[in-house]
Amino acid sequence: MNATSDGHRPAREATRTDRLLAALGGLLAAYVSLAVADLVASRVRPEASPVVAVGGAFVDRTPAGLKDWAIRTFGENDKAVLQLGILLVLALLAVGIGLLALRRRALGSAAVGAFGVLGALAAVTRPDSESAVDAVPSLVGAALGALLLYVLIGRLLAPRAGTGAAAARADRRSFLVVAASTGLAATGAAALGRAVGSPVEENATASRAAVRLPRPASPAPPVPAGARLAVPGISPFTTPNRDFYRVDTALVVPKVDANRWRLRLHGTGVREELTLTLRDLMARRTVERDITLACVSNEVGGPYVGNARWLGVPLADLLREAGVRPPSEGGPADQLVARSVDGMTIGTPVEDVMDGRDALLAFGMNGEPLPFEHGFPVRMIVPGLYGYVSACKWIESIELTTFDAYDAYWVPRGWAAEAPVKTQSRIDTPRPFGRPAAGTVMVAGVAWAQHRGVRRVEVRVDDGPWREARLAAEDTRDTWRQWTYPWEAAPGRHTLTVRATDGTGTTQPERRTATMPDGAQGWHSVVVTVEGGE
Ligand SMILES: Nc1nc2c(c(=O)[nH]1)N[C@H]1C(S)=C(S)[C@@H](COP(=O)(O)O)O[C@H]1N2
Ligand SMILES: [Mo]
């Protein structure tokens, strides 16, 4: 094949080494594009970075089954895996583009540009994008990447004085010099960008550090002495913030500047629209409550549940003040749609948040301002409902509407529009496939049925009879309860099974169901091998 480098003088035949270098050039062009885009995004808005924007667009279009599989398989690493996947695909495409550029130099650069346009489109069409400025990181990055590829391929194809091996070596040397220096420069610039930090993030971090949580007008009832059991391996009654599970669609954690944050309350049946600052919220009647939060994607025995002490204002107070009446009092809106700064929408029954339960707009979590991962500055928490229908993080508006008129984010993706938490119980210890020693083994775990309360937990060994476990004291019916069961364990392989009965007297059904569409149910069991004995 005779490379013509776009009508310039035909150069020498492309060799295998040329192709290798062209592929390398493609990779480098992609790398420089992304590094530059990331650097620019860190100045503008971290979410406008192309990998983040494309990843976000991908997440939104992921079929529910695949998303569930990803959560099951990769757990909380699912986001890292997605980004890695995107980078791998990009790397393959980049190699292709490099090879293309060797045949048609301008076309290769045009392809890099096309990816830049795609990245820019993804960035400006993200629901949280507020201006066309979000296109800039991708476009600037791609422009530089395209230029670099053009120059690099030019090195390879450049007609040199003389022909033959010596000229080819000179071409390659000059290719490598350009490649290495731009690669280093891009890496340096990206590192510098990281080190300097983004102004957007710094304002947010400073605003969080400046938050002074108010003392609650209504403190949480003291946790009864018997509510916290000290058994090795059991989930602590209060989940520390750093251990609290995180489930959301955000590829970069939104960093909201609390000083610029506003909450808007509007919609059907709102007599008076409200716009509140964090200061406004914190100046209202505040309440503090222990509430257990659970994710609908939590499988039987799974980790996506936690219990924290939340501080905030009762959502019902705000709604009443705005003139909202629940459907039971003739109000026209039956759904409250919370929207977050990153475009998530979460629909909650108006009746539930106004029926007297402690539905909160929370700004405090276990004595500190909400961590960024958990929704700083403000999120919703509604006892008894799964997070995806109640617990909007980084909330920025609340709209009163109807379930008929609007489907929130997860509903068209196959999840139920309404989803009260199902009763679950979990064996924390012994661990699955554990090898406890024969004798008394403390079987222990947690059970939850928020807003109905947990009345009874029973444990079964193999196919034996159900035995009642010892329940820790109940804090409130909105919190989980720890339980223990001393088991006289004989050597051999055994299956331990647990089931709970909620405050209405309903016992968990045996049969396991999928998390989709409204939460898993079924009994949790673990298999262990008891060691020792004769
Ligand atoms: N903005 C936003 N809020 C969100 C989500 C989200 O993806 N985006 N996920 C919800 C889901 S599915 C759950 S289970 C809870 C999890 O809250 P946590 O991450 O603080 O544990 O947040 C809810 N709030
Ligand atoms: Mo969730």
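Before we go on, may I ask you to explain the sheet that holds strand 14 (residues 467-468) in this structure?
What links the strands of a sheet is backbone hydrogen bonding, and the strands pair in either a parallel or an antiparallel sense. The strand order 14-13-17-18 describes an open sheet built from 4 strands, whose pairing is antiparallel. Edge positions in the sheet fall to strand 14 and strand 18 (524-530), since each of these pairs with one other strand and no more. In this structure, strand 13 (residues 454-461) lies alongside strand 17 (residues 492-502), joined through 7 bridges in antiparallel fashion. Within the sheet, the bridge partner assigned to Glu-458 lies in strand 17 and is Arg-499.

Explain the nonpolar core here, please?
Most often, soluble globular proteins have nonpolar side chains that are buried together. Formed by 80 residues in total, the largest nonpolar core has its most connected members in Trp-310, Leu-361 and Ile-395. For Ile-395, the contacting residues outside a window of four places in its chain are Trp-261, Leu-263, Ala-338, Arg-339, Ser-340, Leu-361, Val-378, Arg-379 and Met-380. In this structure, Leu-21, Ala-22, Leu-28 and Val-40 belong to the second largest nonpolar core, which totals 25 residues.

Help me out: how do you make sense of the packing of aromatic side chains in this one?
Aromatic ring pairs are defined here through the distance separating the ring centres and the angle between the ring planes. On inspection of all chains with the given rule, the structure shows 9 aromatic pairs. With a centroid separation of 5.9 Å and an interplanar angle of 55°, the aromatic rings of Tyr-245 and Tyr-304 are classed as tilted. Of this pair, Tyr-245 sits in the loop between helix 8 (199-209) and strand 1 (263-267) while Tyr-304 sits in the loop between strand 3 (287-294) and strand 4 (305-314); the two residues are 59 residues apart in sequence, bridging distant segments of the chain. Each member of the pair Tyr-245 and Tyr-304 is classed as buried. Seen in terms of ring centroids, Trp-448 and Trp-480 are 6.2 Å apart; in terms of plane orientation they differ by 55°. Their pairing is tilted. One end of the pair, Trp-448, is in strand 12 (residues 439-448); the other, Trp-480, is in the loop between strand 15 (470-471) and strand 16 (481-489), and 32 residues separate them in sequence. Trp-480 carries the same exposure label as Trp-448, and that label is buried. Taking the ring centre of Tyr-150 as reference, the NZ or CZ of Arg-105 above it sits at 3.8 Å. Directly above the aromatic system of Tyr-409 lies the positively charged group of Arg-413, at a separation of 3.7 Å from the ring centroid.

What should I look at first to understand the confidence of the model for the protein chain in this one?
Here the protein chain shows a mean pLDDT of 93. Residues at 70 or above account for 96%. A low-confidence stretch, residues 1-10 stays under pLDDT 50, and its non-local contacts, those more than four residues away or across chains, total 20 contacts.

Can you walk me through the layout of surface pockets in this structure?
Here the idea is plain: a probe the size of a water molecule rolls over the atoms and shows the empty space left. Taken as a whole, the second largest pocket encloses approximately 880 Å³ of empty space. Along the wall of the second largest pocket there are 44 residues; nearest its centre are Lys-67, Ile-71, Asp-78, Asp-248 and Thr-249. Of all the secondary structure elements, the ones that give two or more residues to the lining of the second largest pocket are helix 2 (50-61), helix 3 (64-74), helix 4 (78-103) and strand 3. Across the lining of the second largest pocket, the residue classes break down as 27 nonpolar, 8 polar and 9 charged.

What is the right way to look at the sheet that holds strand 10 (residues 395-401) in this model?
Sheet architecture is open: 5 strands sit in the order 2-1-10-5-6, paired in mixed fashion. Lying at the two open borders of the sheet, with one neighbouring strand each, are strand 2 (274-276) and strand 6 (345-349). Averaged over neighbouring strand pairs, the angle between their axes works out to 15° when direction is ignored.

Would you explain the site of ligand 1 in this entry?
Close contacts around ligand 1 come from 20 residues, with Tyr-245, Thr-249, His-374, Arg-379 and Lys-393 the closest. A distance of 3.2 Å is found between a nitrogen atom of ligand 1 and a side-chain nitrogen or oxygen belonging to Ser-340. Between ligand 1 and His-374 there is a distance of 2.6 Å, counted from an oxygen atom to a side-chain nitrogen or oxygen. Within the complex, the protein chains bury 98% of what would otherwise be the 520 Å² of accessible surface of ligand 1. Using a 2 Å cut-off from the grid points, one finds that ligand 1 occupies the second largest pocket. Counted by class, the shell around ligand 1 contains 11 nonpolar, 4 polar and 5 charged residues.

I'm lost on the pairing of strand 6 in this one. Help?
Each regular strand shows side chains that alternate between the opposite faces of the sheet. Counting buried positions along strand 6 gives 5 out of 5 residues, so the element sits mostly inside the fold. The two faces of strand 6 match: Thr-345, Gly-347 and Pro-349 on one face and Ile-346 and Thr-348 on the other face are all buried. Here 5 bridges tie strand 5 (residues 335-340) to strand 6, and the two strands are oriented antiparallel to one another. Each bridged residue has a counterpart across the sheet, and for Leu-336 the counterpart in strand 6 is Thr-348. Here strand 5 folds back onto strand 6, and the loop between the two strands holds 4 residues, one of which, Gly-343, carries a positive phi near 85°.

Would you take a moment to explain the pattern of salt bridges for this structure?
Any two side chains of opposite charge can pair, on the condition that their charged atoms come close. Taken as a whole and judged by the stated rule, the model has 24 salt bridges. Here Arg-45 and Asp-134 are joined by a salt bridge, their closest N and O atoms 3.2 Å apart. Of this pair, Arg-45 sits in the loop between helix 1 (16-44) and helix 2 while Asp-134 is found in the loop between helix 5 (105-125) and helix 6 (136-157), placing the two residues 89 residues apart along the sequence. Both residues of the pair, Arg-45 and Asp-134, belong to the buried class. Put simply, Glu-329 and Arg-320 hold a salt bridge, and the shortest N to O gap is 3.1 Å. We classify Arg-320 as partly exposed; its relative accessible area is 38%. Connected via shared salt-bridge partners are Arg-45, Glu-47, Asp-128 and Asp-134.

Looking at this model, I keep getting lost on the pairing of strand 16. Mind explaining?
Counting buried residues along strand 16, 7 of its 9 residues qualify, which places the element largely inside the surrounding structure. Pairing geometry for strand 15 and strand 16, over 2 bridges, is antiparallel. Bridge pairing in strand 16 places Arg-470 opposite Thr-484.

Explain a nonpolar patch on the surface here, please?
Taken together, the side chains of Val-89, Leu-93, Phe-115, Val-117, Leu-118, Leu-121 and Leu-139 present a nonpolar region at the surface, about 590 Å² in accessible area. Those elements that provide at least two residues to the nonpolar patch are helix 4 and helix 5. In terms of residues, the nonpolar patch owes the most to one element, helix 5, which gives 4 residues. Here Val-117 is to be found in helix 5. Taking the relative accessible area as the measure of exposure, Val-117 reaches 45% and is therefore partly exposed.

About the thresholds
Residues numbered from 1 in each chain as written. Chains lettered and ligands numbered in written order. Predicted model: local features only at pLDDT ≥ 70, side-chain atom pairs only at ≥ 80, totals over all residues. Heavy atoms only, no water. Pairing = 2+ DSSP bridges. Helix = DSSP H or I, 4+ residues; strand = E, 2+ residues; numbered from the N terminus. Core = buried A, V, L, I, M, F, W, Y, C linked by side-chain atoms within 4.5 Å. Buried < 20%, exposed > 50% of the residue type's maximum accessible area, 1.4 Å probe, protein only. Contact = heavy atoms within 4.5 Å. Phe/Tyr/Trp six-rings, centres within 6.5 Å; stacked < 30°, edge-to-face > 60°. Lys NZ or Arg CZ within 6 Å of the ring centre and 35° of its normal. pLDDT = per-residue confidence, 0-100. 1 Å grid on protein atoms, 1.4 Å probe; cavity = no way out; pocket = protein on both sides within 12 Å on 5 of 7 lines; lining within 4 Å. Points joined across faces, edges and corners; volume = space filled by probe spheres on them. Nonpolar A, V, L, I, M, F, W, Y, C, P; charged D, E, K, R; others polar. Axes fitted to C-alpha atoms, helices over the stretch in contact; angles between N-to-C directions. Near = heavy atom within 4 Å. Polar contact = N/O pair within 3.5 Å; in protein donor to acceptor, adjacent residues only side chain to side chain. Areas by Shrake-Rupley, 256 points an atom, 1.4 Å probe, with all protein chains shown as cover. Sits in = over half its atoms within 2 Å of the grid points. Salt bridge = Lys/Arg side-chain N within 4 Å of Asp/Glu carboxyl O. Patch = residues over 30% accessible without salt bridge, like charges linked within 9 Å, V, L, I, M, F, W, Y side chains within 5 Å.

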